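Per-entry structural report
Listed below are the residues making up each chain.
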Amino acid sequence: MILNRIIILIFCSSFLLSCVEDDGSRASRPSGSVNGMSPIYQSEEIAYQISVSEAKDIVNPGKIFTYQNFLIVTIINEGFHLIDNTNPSNPNNMLFVNIPGNTDIAVKDGVFFANNYNDMISFKLESNGGISLIERLSDAMQNGLAPPGNNIYFECVDPSRGVVVGWESRILNRPRCFKQ
Amino acid sequence: MFQTIKTNLLSCLFLLTFLSSCIESNFNDFNVGGNTSSGGSLASFTIVNNHLYAVNSTSIIPIDISDLAKPEPLEIVTIGTGIETIFPYKDQLFIGSNSALFIYDISDPEVPVRTTFFQHATGCDPVVVKDDYAYVTIRDGVSCNNFFRLNVLDIINVADPFNTFLVREIPLTNPRGLATGCNDKLFVCDGPSGLLQFDITDPEDPVLDTTYAQFTANDVLIRDDLLILTGADGIYQFRCTDEELLLLSNVPISL
């Protein structure tokens, strides 16, 4: 009789423990389907492709700033225009630097710092029109592993599937990840 | 042809990089070296001496860039939610979120320490600081979480970073970026209402001088006597004068 109770107790405990393990995150894991967010992946070849292209028209500009005699105009998620502003009466749109997922940049002593999605990269523009990457600080922006917002269930990020370049709303079946 | 011009200009960029290290910095209100880019009130990255400070939606991300060949991420400083902008002033970082203005002391540049925050109405809020006064615009908009439809310019006395207080609130239409310069002027982009020019000789009592209503004004930057305005249809550059702005050029924006 007592043995039976102990066996039942052990059985129940192991069941409870397995539930806790399954939760895996701070919130309890939902028992069915819920609204949540799912990562959008892109290959590293595309997401990390930094390049210089010819000057192009400015469409939907983001932020502006100056560096030396240059005017820089960012295009959210695309990169920035470099404009030679030595003569402000006749600015010369020189080139465009393509940085996927870029939202802001800063420059010191000719070294550009920019976010490339969630990485912070630093690079120089070479006189031959190329780019020399100096450093890539992976996930320095700290946004990579969870969607924006709060109290959201989401599909956990699987880095083997590529770079997270965005999030989309989805119906998720018992998602393991939750952001408070 | 294009390649040759590009090559020449890029060569100039690097030559200038070297030359300018000898030129005295003119960013009086920015505690930054003269060889650093300088952004406006909407920036989310800023460089102060040998440190890059970036903000994401919740935190300050400091990176030691004293060795430009080897940037070193430092410990991240969590602030809260809805962080948008960062503006350096003296030994401080002014950080705009959609509900407050935070001030962080960077006497130790590796460890930003919060001195205070100034709670304000919820909305998008670029910030600039001049002579111990912070100028913050608060606007409503799709992504601004502004439930009260409030559109104002707030002027906050920040002389004592432990005791900041509102000195003036001015109702506006839909304010965005702002900048100080051009001989004690404050320029505020007020969206469809244009670019507003305030005289801030007395920062506690700004006087609206001139409204440049022909521009739908989104962002403004002032360097020395040059004012750069992002409008809906172009990036306009002006020369500051005692009286008004003289238009120099316009780089068109394709719609």
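1. Considerations on the state of the cysteines
Under the criterion given, the structure shown has 2 disulfides over all chains. In this model, Cys156 of chain A is linked to Cys177 of chain A through a disulfide, with the two sulfur atoms separated by 2.0 Å. Judged by the sign of its S-S torsion, about 110°, the bond between Cys156 of chain A and Cys177 of chain A is right-handed. Residue Cys156 of chain A is located in the loop between strand 12 (152–154) and strand 13 (163–173), and its partner Cys177 of chain A is located in strand 14 (residues 177–179); the two are separated by 21 residues in the primary sequence. Cys156 of chain A gets classed as partly exposed once you look at its relative accessible area, which sits at 28%. Here Cys182 of chain B pairs with Cys240 of chain B through a disulfide, and the sulfurs are 1.7 Å apart. Taken together, the residues span a long stretch of sequence, with Cys182 of chain B in the loop between strand 15 (178–181) and strand 16 (185–189) and Cys240 of chain B in strand 21 (residues 234–240) at a distance of 58 residues. Judged by relative accessible area, Cys240 of chain B falls into the buried class, the value being 12%.

2. Looking at the nonpolar core
Ile72 and Phe123 of chain A are the most contacted members of the largest nonpolar core, which has 31 residues in total. The biggest single contributor to this core is strand 5 (residues 70–75) of chain A, with 5 residues. Filtering out sequence-adjacent residues up to four positions away, Ile72 of chain A remains in contact with Lys63, Ile64, Phe65, Tyr67, Phe80, His81, Leu82, Ile105, Val107 and Phe112 of chain A. Judged by nonpolar contacts, the second largest core, of 27 residues, contains Ile103, Ile155, Leu172 and Phe198 of chain B.

3. Here we look at the interface of chain A and chain B
Taken together, the contact between chain A and chain B spans 53 residues of the former and 54 residues of the latter. The contact between chain A and chain B buries some 4600 Å² in all, and 67% of this surface belongs to carbon and sulfur atoms. Summed over the shared surface of chain A and chain B, the result is 1 salt bridge. In this structure, Glu135 of chain A and Lys70 of chain B form a salt bridge, with 2.8 Å as the shortest nitrogen-oxygen distance. Relative to strand 1 (residues 38–39) of chain B, strand 4 (residues 64–67) of chain A is paired through 2 bridges, and the arrangement is antiparallel. Counted as the bridge partner of Phe65 of chain A is Gly39 of chain B from strand 1 of chain B.

The rules behind the values
- Residues numbered from 1 in each chain as written.
- Chains lettered and ligands numbered in written order.
- Predicted model: local features only at pLDDT ≥ 70, side-chain atom pairs only at ≥ 80, totals over all residues.
- Heavy atoms only, no water.
- Disulfide = S-S within 2.5 Å.
- Helix = DSSP H or I, 4+ residues; strand = E, 2+ residues; numbered from the N terminus.
- Buried < 20%, exposed > 50% of the residue type's maximum accessible area, 1.4 Å probe, protein only.
- Core = buried A, V, L, I, M, F, W, Y, C linked by side-chain atoms within 4.5 Å.
- Contact = heavy atoms within 4.5 Å.
- Buried area = accessible area lost by both parts, 1.4 Å probe.
- Salt bridge = Lys/Arg side-chain N within 4 Å of Asp/Glu carboxyl O.
- Pairing = 2+ DSSP bridges.

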